[in-house]
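# Structure assessment
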Amino acid sequence: MFRHRRHSEIPSLNTSSTADISFMLLIFFLVTSSMDAGKGLRRQLPPPPQDQEQVADIRQEDIMTVTLAADGRLTVGGEPVTLDGLRRQVREFAAVNPRHRVVAIDVAPDARYDDYFQLQNALVAAYRPLKCAPRVSESMDGKGGQP
């Protein structure tokens, strides 16, 4: 009368190779995906500060001030200039003594990054024939060339 029910076992899933498969998939996606490196500026950073810093005196005629306004306008010494004109002016400016000439960049805080990168690329292109790195001083005073 009483039937004894057999306790049936629930079949288990064989998961012994799950870890192997997941590692193979991970390696596959790492190898086949591309890691784009976006935009960036290639610059040599200054050496770490020493205990006794020596202040370098720079003559006013050795400084070229480039201003990037919020609307993308470039000015050199208050005069509007294009990117090609900037390259030409910087090349002429730095050709005299490139290691002692400084390009001071004044950027408006709300200027577009693309305009800033184009400005930096123009400076690097101007210094490329001189075979030396540009000496750049940057500031973001909020004026952006506006009086």
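First things first, this report covers the structure right here in the doc. Since the model is a prediction, treat every value here as computed from it, not as a measurement. (Residues numbered from 1 in each chain as written. Predicted model: local features only at pLDDT ≥ 70, side-chain atom pairs only at ≥ 80, totals over all residues. Heavy atoms only, no water.)

With that settled, the discussion passes to the packing of aromatic side chains. The way to describe two aromatic rings as a pair is by their centre distance and the angle between their planes. Going through the model one piece at a time under the given rule, you end up with 2 aromatic pairs. On the numbers, 5.3 Å between centres and 70 degrees between planes, the contact of Phe-28 with Phe-29 is edge-to-face. (Phe/Tyr/Trp six-rings, centres within 6.5 Å; stacked < 30°, edge-to-face > 60°.)

Before going further, it helps to spend a moment on the pattern of salt bridges. Under the defined criterion, the tally for this structure stands at 5 salt bridges. Ionic pairing is found between Asp-62 and Arg-101, a salt bridge with its closest N-O pair at 3.3 Å. Remark: Arg-101 occurs in the loop between α2 (83-95) and β4 (102-107) and Asp-62 occurs in the loop between α1 (18-32) and β1 (63-68); sequence separation between them is 39 residues. Residue Asp-62 shares its accessibility class with Arg-101, and that shared class is buried. With its nearest N and O atoms 2.5 Å apart, the salt bridge here joins Asp-84 to Arg-87. Residue Asp-84 and its partner Arg-87 are both found in helix α2; the two are separated by 3 residues, about one turn of the helix. Counted as one network, the salt bridges with shared partners bring together Arg-112, Asp-114 and Asp-115. (Salt bridge = Lys/Arg side-chain N within 4 Å of Asp/Glu carboxyl O. Helix = DSSP H or I, 4+ residues; strand = E, 2+ residues; numbered from the N terminus. Buried < 20%, exposed > 50% of the residue type's maximum accessible area, 1.4 Å probe, protein only.)

No statement about biological role is implied by the geometric values presented.
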